[in-house]
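What follows is the residue order along each chain.
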Amino acid sequence: MKPDIERSFARFSVLPILIIFTMLSFAPGPVSASKWEFDIGLKCTYDDNVLNYSEADLDLFDSIGAAPGGRFGIESKDDFIFSPSFRMIYKSELLGHTFQAGFNSVYNFNIKNDKRRYYSGGIWAREYLRKGTYIQASINYLPDYYYRNLQTYDGDYKEAEFAKIGADLTLYSILMKKITGKAYLGYERKNFNDSFNERDLHIYCFGFELGYRFTNANRLIGGYEFTAAKSRGRNSEAYRRDTSYDMFSFWGGARLTAHGLSGKRLLVSPKLGYRLALYQTEKLTQEDRFRFGREDTRLRAGLDLRQTLNHRTELLIGAGISSNESDLPASDAKRFLDYSSFTINIGFDYSF
């Protein structure tokens with residue numbers, strides 16, 4: 001992990017931590033257990049293409065397999081991932097309105113591919129400005145993530161890993177009787193290991209989401225996000241790659257409530273997503289022929305079910321399918337960029 005990401009996390013995390021401790025200091029009366037909420041969860045996911053490899057790469061993997069310093073660094077193209085999670089929320093009053101602060105973490109434990117195991121966590125603080133309107137600040141941190149084996153300038157393959165830290169600011173409000181709106185700004189910094197630091201990214205995004213409640217228990221949602229990612233290799237002659245991109249994301253779905261097991265609540269959430277990624281490189285190099293003039297169209301469809309078992313426990317079941325189709329001048333590279341994947345998961349959440 002790169003030390004500048006660690007320093008950035010230490011700096012970024014100071015503000016929400018100060019807010020949380022300030023809130024605790026000014027909260028009226030002693031801190032009672034009723035003001036705290038805790039959730040633990042466990043999810044098991046099957047992923048049939050853990051690194052989103054193309055069919056051409058998967059065929060090559062089947063023929064040559066994994067090797068130290070080779071093109072493929074994973075042991076298996078599919079995997080089972082166990083993900084224990086923990087969430088903590090504190091609720092109080094600040095400035096005459098409801099205040100909430102929390103911490104969440106998850107560890108992804110891959111059964112077949114050890115190097116794909118990783119931890120991520122975050123902290124957040126939310127202040128209600130009035131009933132139905134709040135502003136929230138959050139920070140998320142991923143200290144070490146294996147991306148895949150990539151080729152260096154000298155032709156060798158090495159493991160590409162990165163650390164990531166992100167911060168965002170969100171405003172949510174009830175706009176009309178049946179319509180809600182959410183707008184947000186975000187920043188993310190992604191740093192790769194030294195062999196691939198030309199891929200380091202500063203990522204900026206803004207987006208919004210609207211919700212329409214057509215009955216008391218059911219609603220539709222839809223949103224849009226624009227992302228601009230600027231790489232270290234951009235406008236630098238010292239690097240032969242520029243991984244910068246602009247991305248336009250759209251999504252829509254529903255949150256429907258039905259009667260499930262024993263008449264208890266079943267939340268059904270179908271969702272569709274579309275993304276258009278436009279790579280920004282102007283480098284006419286051999287290394288960037290996979291990105292020059294490239295457009296990626298990414299589609300995803302998913303369905304999540306959340307079944308209430310009792311007032312503390314919920315059962316989670318979900319499935320998703322995604323695909324990527326590339327269009328670029330180097331047409332011979334297309335077969336290494338198009339991919340599809342399928343995931344299915346089951347898990348539970350327990351609150352106390």
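Residues numbered from 1 in each chain as written. Predicted model: local features only at pLDDT ≥ 70, side-chain atom pairs only at ≥ 80, totals over all residues. Heavy atoms only, no water.

**Q** Would you take a moment to explain the overall build of the chain for this structure?
**A** Within the chain, the secondary structure is distributed over 2 helices and 14 strands. Computed over the C-alpha atoms, the radius of gyration of the chain is 22 Å, within 12% of the 20 Å expected from 2.2 N^0.38 for a compact globule of 352 residues. A principal-axis box enclosing the C-alpha atoms of the chain has dimensions of 65 × 45 × 40 Å. A burial count over the chain gives 42% of its 352 residues as buried. Restricting to contacts in the chain with at least 6 residues of sequence separation, those with at least 24 account for 60%. (Helix = DSSP H or I, 4+ residues; strand = E, 2+ residues; numbered from the N terminus. Rg over C-alpha atoms; globule rule 2.2 N^0.38 Å. Buried < 20%, exposed > 50% of the residue type's maximum accessible area, 1.4 Å probe, protein only. Contact = heavy atoms within 4.5 Å.)

**Q** Looking at this structure, I do not really get the pairing of strand E6 (residues 157–174). What am I missing?
**A** Two faces make up the sheet, and in a regular strand the side chains alternate between them. With 16 bridges joining them, strand E5 (residues 133–151) and E6 adopt antiparallel strand pairing. What sits directly across from Tyr 146, in E6, is Glu 161. Taking the residues that link successive antiparallel strands as the turn, the E5-E6 hairpin has 5 residues, and the phi of Gly 155 there is positive, at about 95°. Counting the residues between successive antiparallel strands, the hairpin from E6 to strand E7 (residues 179–192) contains 4 residues. (Pairing = 2+ DSSP bridges.)

**Q** Just checking my understanding: could you explain the nonpolar core for this structure?
**A** Soluble, globular proteins show a tendency: their nonpolar side chains are buried together. Formed by Val 50, Leu 51, Tyr 53, Leu 58, Phe 61, Phe 72, Ile 74 and Tyr 146, the largest nonpolar core amounts to 8 residues. If we skip the residues at most four places from it in the chain, Phe 61 touches Ala 66, Phe 72, Ile 74, Glu 75, Ser 76 and Lys 77. (Core = buried A, V, L, I, M, F, W, Y, C linked by side-chain atoms within 4.5 Å.)

**Q** Hey, could you run me through the packing of aromatic side chains in this one?
**A** Summed over all chains, the structure comprises 23 aromatic pairs. Seen from their ring centres, Phe 61 and Phe 72 are 5.4 Å apart, and the 85° between their planes marks the pair as edge-to-face. Here the residue Phe 61 occupies a position in helix H2 (residues 55–64), and Phe 72 occupies one in the loop between H2 and strand E2 (79–94), the gap between them amounting to 11 residues. Neither residue differs from the other here; Phe 61 and Phe 72 are each classed as buried. Judged by centre distance (6.0 Å) and plane angle (25°), the rings of Tyr 350 and Phe 352 are stacked. The ring centre of Tyr 146 lies 5.2 Å from the NZ or CZ of Lys 115, which sits over that ring. Directly above the aromatic system of Tyr 147 lies the positively charged group of Arg 148, at a separation of 5.5 Å from the ring centroid. (Phe/Tyr/Trp six-rings, centres within 6.5 Å; stacked < 30°, edge-to-face > 60°. Lys NZ or Arg CZ within 6 Å of the ring centre and 35° of its normal.)

**Q** Even after reading the chapter, I still don't get the layout of surface pockets, so can you show me in this structure?
**A** Gaps between atoms show up when a probe of the same size as a water molecule is rolled over them. Considering only enclosed or pocket space, the second largest pocket measures out at about 200 Å³ in volume. Around the second largest pocket, the lining is made up of 16 residues, and of these Thr 180, Arg 213, Asn 216, Asn 218 and Arg 219 lie nearest the centre. At the level of secondary structure, the elements contributing two or more residues to the lining of the second largest pocket comprise E6, E7, strand E8 (201–215), strand E9 (218–231) and strand E10 (245–259). Tallying contributions element by element places E8 first for the lining of the second largest pocket, with 3 residues. Of the residues belonging to the lining of the second largest pocket, the class tally is 6 nonpolar, 5 polar and 5 charged. (1 Å grid on protein atoms, 1.4 Å probe; cavity = no way out; pocket = protein on both sides within 12 Å on 5 of 7 lines; lining within 4 Å. Points joined across faces, edges and corners; volume = space filled by probe spheres on them. Nonpolar A, V, L, I, M, F, W, Y, C, P; charged D, E, K, R; others polar.)

**Q** Would you explain the pattern of salt bridges in this entry?
**A** Proximity of charged atoms lets side chains of opposite charge pair with each other. Summed over the entire model, instances satisfying the criterion amount to 19 salt bridges. The salt bridge involving Asp 288 is made with Arg 291; its shortest N-O contact spans 2.7 Å. Each member of the pair, Asp 288 as well as Arg 291, is classed as buried. Among the ionic pairs, Lys 334 bridges to Glu 325, the shortest N-O distance being 3.8 Å. (Salt bridge = Lys/Arg side-chain N within 4 Å of Asp/Glu carboxyl O.)

**Q** Would you mind going over the side chain of Ser 231 with me for this structure?
**A** Tracing the sequence through the fold places Ser 231 in strand E9. In this structure the side chain of Ser 231 is engaged in a polar contact, spanning 2.7 Å, whose partner is the side chain of Asp 242. (Polar contact = N/O pair within 3.5 Å; in protein donor to acceptor, adjacent residues only side chain to side chain.)

**Q** Would you mind going over the side chain of Thr 152 with me for this structure?
**A** Examined against the element boundaries, Thr 152 turns out to sit in the loop between E5 and E6. Here the side chain of Thr 152 touches Asp 154 through a polar contact of 2.3 Å, side chain to side chain.

**Q** What am I meant to see in the confidence of the model for the chain here?
**A** Keep in mind that low pLDDT regions are not for reading the predicted coordinates in detail. When pLDDT is averaged along the chain, the result is 90, and 90% of the positions lie at 70 or above. Low pLDDT, under 50, characterises residues 9–15; the stretch is placed with 8 contacts to residues that sit more than four places away or in other chains. The low-confidence segment residues 28–34 (pLDDT under 50) makes 7 contacts with residues lying over four places distant or belonging to another chain. (pLDDT = per-residue confidence, 0-100.)

**Q** What is the right way to read a nonpolar patch on the surface from this model?
**A** On the surface, Ile 40, Leu 42, Phe 80, Phe 82, Tyr 107, Phe 109, Ile 111, Tyr 119, Phe 348, Tyr 350 and Phe 352 cluster together into a nonpolar patch covering about 900 Å² of accessible area. Broken down by secondary-structure element, the contributors of at least two residues to the nonpolar patch are strand E1 (36–47), E2, strand E3 (97–110) and strand E14 (339–351). Counting through the fold element by element, Ile 111 comes out in the loop between E3 and strand E4 (118–130). (Patch = residues over 30% accessible without salt bridge, like charges linked within 9 Å, V, L, I, M, F, W, Y side chains within 5 Å. Areas by Shrake-Rupley, 256 points an atom, 1.4 Å probe, with all protein chains shown as cover.)

**Q** Please clarify how the pairing of strand E13 (residues 313–327) should be interpreted in this entry.
**A** Pairing of strand E12 (residues 295–308) with E13 involves 14 bridges; the strand directions are antiparallel. What sits directly across from Thr 297, in E13, is Glu 325. From the end of E12 to the start of E13, which pair antiparallel, there are 4 residues. Of the pairings in the sheet, the one linking E13 to E14 comprises 12 bridges and is antiparallel in character.

**Q** What should I look at first to understand unusual backbone geometry in this one?
**A** Excluding glycine, residues mostly carry a negative phi; peptide bonds, for their part, are mostly trans. The phi torsion at Asn 52 lies on the positive side, around 50°, for a residue other than glycine. One can find Asn 52 in the loop between E1 and H2. A residue is classified by how much of its surface remains accessible, and Asn 52, at 30% relative accessible area, is partly exposed. Not every positive phi belongs to a glycine, and Ser 262 is a case in point at roughly 55°. Relative to the helices and strands, Ser 262 resides in the loop between E10 and strand E11 (265–279).

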